[in-house]
Amino acid sequence: MRYKTATQWGVYEVEVMDGQITDVQGISADPAPAPMANTLLDGIQHDQRIQRPAIRQGWLRGNNRDRARRGVDKFLDVPWDEALDIAAQELARVVAEHGNTAIFAGSYGWASAGRFHHAQSQLHRFINLLGGSTRAMNSYSTAAAQVILPHVVAPWSQIELEQTSWQEITNSTELVVAFGGIPLRNTQVAYGGITEHQSSGSFTQALASGVKFINISPIKDDMPESSSVQWLACRPGTDVALMLGLAYVLETESLVSKKFLESHCSGYVLFRKYLLGHENGIAKTPQWAEKICSVSAEEITSLARRLVKQRTFMTAAWSLQRAHHGEQPYWMLVTLAAMLGQIGLPGGGFGFGYGAEGFIGSHWRRFNWATFSKGMNPTRFAIPVARIADMLLHPNESIHYDGRDIIFPEIDLIYWAGGNPFHHHQDLNRLIKGWRRPSTVIVNEPWWTPTAQWADIVFPATTALEREDICASSHDPYAHVMQAALPAQHQARSDHEIFTGLAKRLGLDAAFTAGLSEREWLQDMWQRSSELALREGFELPEFEDFWKAGTFQIPEANSRPVWLADFRADPLLHPLRTPSGKIELFSKTIAEFNYSDCPGHAAWLEPFERLGGAGHSRYPLHLLTPQPERRLHSQLDHSAHSQAGKIQGKEVISIHPDTAAARGFSPGDIVRVFNDRGACLAAVGLDTNRLVDVVSLPTGSWFAPLEDATDANGNPNVLTADIGTSSLAQGPSANTCLVEVERYLEPVNPRNRPP
Ligand SMILES: Nc1nc2c(c(=O)[nH]1)N[C@H]1C(S)=C(S)[C@@H](COP(=O)(O)OP(=O)(O)OC[C@H]3O[C@@H](n4cnc5c(=O)[nH]c(N)nc54)[C@H](O)[C@@H]3O)O[C@H]1N2
Ligand SMILES: Nc1nc2c(c(=O)[nH]1)N[C@H]1C(S)=C(S)[C@@H](COP(=O)(O)OP(=O)(O)OC[C@H]3O[C@@H](n4cnc5c(=O)[nH]c(N)nc54)[C@H](O)[C@@H]3O)O[C@H]1N2
Ligand SMILES: [Mo]
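Rules and cut-offs
- Residues numbered from 1 in each chain as written.
- Chains lettered and ligands numbered in written order.
- Predicted model: local features only at pLDDT ≥ 70, side-chain atom pairs only at ≥ 80, totals over all residues.
- Heavy atoms only, no water.
- Phe/Tyr/Trp six-rings, centres within 6.5 Å; stacked < 30°, edge-to-face > 60°.
- Helix = DSSP H or I, 4+ residues; strand = E, 2+ residues; numbered from the N terminus.
- Buried < 20%, exposed > 50% of the residue type's maximum accessible area, 1.4 Å probe, protein only.
- Lys NZ or Arg CZ within 6 Å of the ring centre and 35° of its normal.
- Near = heavy atom within 4 Å.
- Polar contact = N/O pair within 3.5 Å; in protein donor to acceptor, adjacent residues only side chain to side chain.
- Pairing = 2+ DSSP bridges.
- Axes fitted to C-alpha atoms, helices over the stretch in contact; angles between N-to-C directions.
- Core = buried A, V, L, I, M, F, W, Y, C linked by side-chain atoms within 4.5 Å.
- Contact = heavy atoms within 4.5 Å.
- Areas by Shrake-Rupley, 256 points an atom, 1.4 Å probe, with all protein chains shown as cover.
- Nonpolar A, V, L, I, M, F, W, Y, C, P; charged D, E, K, R; others polar.
- Domains from an automatic or database assignment.

Observations concerning the packing of aromatic side chains
Right, so step 1: Within this structure, the stated rule accounts for 35 aromatic pairs.
Right, so step 2: Centre to centre, the rings of Phe-422 and Trp-454 are 5.1 Å apart; their planes meet at 25 degrees, and the pair counts as stacked. Here the residue Phe-422 occupies a position in helix α16 (residues 421-424), and Trp-454 occupies one in the loop between α18 (450-453) and β19 (457-460), the gap between them amounting to 32 residues. There is no split in this pair, since Phe-422 and Trp-454 are both buried.
Right, so step 3: These aromatic residues form a ring-pair network of at least three members: Phe-104, Trp-416, Phe-422, Trp-435, Trp-454 and Phe-703.
Right, so step 4: The ring of Tyr-274 has Lys-284 sitting right over it, with the charged end atom 3.9 Å from the ring centre.
Right, so step 5: When the ring centre of Trp-288 is taken as reference, the NZ or CZ atom of Lys-284 above it lies at 5.9 Å.

A short note on the site of ligand 2
Right, so step 1: In the vicinity of ligand 2, 31 residues are found, and the nearest of them are Arg-185, Asp-222, Gly-237, Asp-239 and Ser-319.
Right, so step 2: Side-chain polar atom of Asp-239 to a nitrogen atom of ligand 2: 2.7 Å apart, as the coordinates give it.
Right, so step 3: Between Arg-631 and ligand 2, the recorded distance is 2.9 Å, taken from a backbone N or O atom to a nitrogen atom.

Here's the deal with the sheet that holds strand β21 (residues 478-482)
Right, so step 1: Pairing is antiparallel across the open sheet formed by three strands, whose spatial order is β20-β21-β22. Strand pairing shows two members of the sheet lacking a second neighbour, β20 (469-472) and β22 (551-553), which therefore form its edges. Averaged over all pairs of adjacent strands, the angle between their axes in this sheet comes to 15 degrees, without regard to strand direction.
Right, so step 2: Across three bridges, the pairing between β21 and β22 is antiparallel. The residue of β22 that forms the bridge with His-480 is Thr-551.

A short note on the nonpolar core
Right, so step 1: If you look at the biggest cluster of nonpolar residues, it comprises 175 residues, and the most contacted ones within it are Val-153, Phe-179, Phe-213, Phe-352 and Ile-583.
Right, so step 2: If we ignore the near neighbours within four places in the chain, the residues touching Phe-352 are Leu-149, Trp-156, Ile-159, Gln-163, Thr-315, Ala-316, Trp-318, Tyr-330, Leu-333, Val-334 and Ile-360.
Right, so step 3: Residues Ile-55, Ala-105, Ala-119 and Phe-126 belong to the second largest nonpolar core, which totals 31 residues.

As for the side chain of His-638
Right, so step 1: Locating His-638 in the fold gives a position in the loop between β24 (621-624) and α25 (640-643).
Right, so step 2: By relative accessible area, which is 7% here, His-638 ends up buried.
Right, so step 3: A polar side-chain atom of His-638 sits 3.3 Å from a polar atom in the side chain of Trp-447.
Right, so step 4: Not counting the four nearest positions on each side in its chain, His-638 is found in contact with Gly-43, His-46, Gln-48, Trp-447, Gln-643 and Trp-702.

Structural notes on the sheet that holds strand β9 (residues 212-216)
Right, so step 1: The strand order across the open sheet formed by five strands is β10-β9-β8-β12-β13, and the pairing between neighbours is parallel. Lying at the two open borders of the sheet, with one neighbouring strand each, are β10 (229-232) and β13 (349-352). Between one strand axis and the next, the sheet turns through 20 degrees on average, direction left out of account.
Right, so step 2: Where strand β8 (residues 175-179) meets strand β12 (residues 312-316), five bridges bridge the pair, whose relative direction is parallel.

Observations regarding helix α5 (residues 143-152)
Right, so step 1: A large share of α5 lies buried, amounting to eight of its 10 residues.
Right, so step 2: Those residues of α5 lying buried are Ala-143, Ala-144, Ala-145, Val-147, Ile-148, Leu-149, His-151 and Val-152.
Right, so step 3: Buried residues along α5 sit against α6 (156-162), α14 (327-340), β13, β15 (398-401), β23 (583-584) and α24 (588-593).

Some points on the site of ligand 1
Right, so step 1: Near ligand 1 you find 33 residues, and of these His-424, Glu-445, Asp-495, Ser-634 and Asn-717 are the closest.
Right, so step 2: A distance of 2.7 Å separates a nitrogen atom of ligand 1 from a polar side-chain atom of Asp-495.
Right, so step 3: Between ligand 1 and the protein, one listed contact pairs an oxygen atom with a side-chain N or O atom of Gln-635 at 2.8 Å.
Right, so step 4: When the free accessible area of ligand 1 is taken as 910 Å², the share hidden by the protein chains comes to 98%.
Right, so step 5: Secondary structure elements with two or more residues in the shell around ligand 1: α16 and β18 (440-445).
Right, so step 6: Of the residues belonging to the shell around ligand 1, the class tally is nine nonpolar, 20 polar and four charged.
Right, so step 7: Mapping the shell around ligand 1 onto the domain boundaries places at least three of its residues in each of domain 1 (2-138 + 377-472 + 478-553) and domain 3 (621-743).

In structure tokens, the structure reads:
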């Protein structure tokens, strides 16, 4: 039998024979189904599945929950009813003894693409009914962007959906300058699902129509090879210096658009003072920039002159802001684009993340489908998402965040559903110390991921292939039926069933389920979406008809306006949502926060470590941790498709041949990657197309510490630093990381097995 399913990396038909998945194929509407779909083949039905509810031995029997053994203890299988009783009692105890903010239900993570079985929404609805919890705000993806850009130009949600489309780039842009390149491997993925993978095709089309590209990145492969693509190798974390060098040439050679800066921007005068060195005596000349970013002053100068000769589009990868002072490259990119004066012209200006997710740059009509309602969090309390370890380690201490102070609560219970902090958080050895402090950790998971292994009470969750759902995302013009291709595996239950079970025990089930079955919830969401569609001027089919057809495509919009064209035409009539209504090259609001790590205009600020800067003499290599090509984050890393990209079960670290030779490495050698924060094993892969002292180890290998705490599988987050981007956004600084690499001569241990 063939079943339709949808994932965060596309819509697929799954063949099931004798209860086993035998084939996975892209649907006909998708011009380029993602190869990572093959992770479904053997990854769903796998011996890493959690078969039954399980409770950690020491938590049940130990003194004070034996917290120090969290992560190393054995688990006992417990019948569903008993496990739900125990978890419900524990939730009630924590609320009664410590109040709701002592529960952390931030539960960040990507889980699955269904709209109803959205694990985090299910958790949040349940916890909100219980009186709420401490929550997390912003994302690991774009935390710095989400906080800085509303001060400077526009809310992030608007930029993401309205910014320049590939169509417009193809039709109107002459030169694309891409900081961090446009790594197309990442466009396999889009949050909430994607029907048509078009990014690669769009890139090819742009090339064919004569658009030239400049890939400014430490890695040449961040853009496809072509005679129209030029690579400028820039040290990681130094893009702002390079951009300032470009800005200096524009300013001193009178190439800036004075008119645009006066009519549409505020604060250029103050930025200019800094640029020319009138503020601190350091002029941001191309020679100054070269010393920091390693791109030559000649190249910087000639690029700056080239920028103004044609229609230029400036873009930056999301990775640039996942670094110390990650607010600055984004503010500086907007500043540079403002100096060129092409913002609001077709194919000009700036945009972000064209190689981040498959929907970015699409011209598809946007439609906000109805969601499963989470209700409101009565505590109204949230921390910046990447500050979780700070919170666990430093209760009652405060941090700055976007102009206010946040005091960390004392957390006694963590509930996670649909995310993997032992994948996503930085400095995992530090996270462990905090993670062992609360009394209790409860996790819903389909697989024995590290987060499940580091929990106390584990509930086995079904996967998307074991339940009915609807995939419908605001940036994709389709809705799809997700069929139950398989029965629930082992004793797994859906997150909804798990929370219904807990809600029953706490007297909240009537409110939690609203008396609806899972199928009725889907009908209810469809009905509410139908009402929203009418307001947008189109009709949805009846639910039964949609369910039979399996797909609905929303009608195309007539046209997509050029982003900020209205603002360009008349900034008084169409002001931005910034305090001045203009693009803020100087922000009085931010200046008045008085943060030394985020001043009132874009600036070059030394990161805590970098090549040629702090820490370099001890750890001579910069480690980048890009998204993995063969999977989504840590999901289905146990599958054959993901494992085929590894050597002896270790993730491959890409190293320049000269760097490898200097250390005596051959391809495939097992090495130890280390710094003061931790160490992991990895296998050597050689790559000529990179700066000599930059290595890359993709994220997503399951954390598996050996006796000496060295991670056996190649999880780079034992090496990254858990330091906020700045007092403004407090985002993750994953890409600011220096390491050394050495041969590993011990026997290579096998992967972690399920407990
Ligand atoms: N060093 C470094 N670290 C990074 C990054 C980086 O660039 N460098 N990137 C960061 C970014 S941008 C992100 S978004 C994060 C991603 O971090 P996460 O989103 O936490 O990573 P995932 O592996 O997608 O975790 C999703 C989990 O949900 C589980 N799951 C799937 N379906 C279901 C379900 O139906 N129910 C339940 N209960 N669980 C389910 C999966 O098994 C998986 O364990 O990582 C961040 N970490
Ligand atoms: N295949 C796959 N695709 C994914 C995901 C996945 O897990 N797998 N995850 C998705 C998610 S959640 C997100 S948030 C997006 C992330 O999208 P991005 O943040 O854009 O992705 P990354 O792979 O982290 O980084 C892109 C490139 O930036 C370059 N780079 C890193 N630091 C610097 C720097 O300081 N300067 C310059 N100039 N370049 C730098 C690196 O060489 C890297 O290849 O990807 C999404 N797409
Ligand atoms: Mo992300």
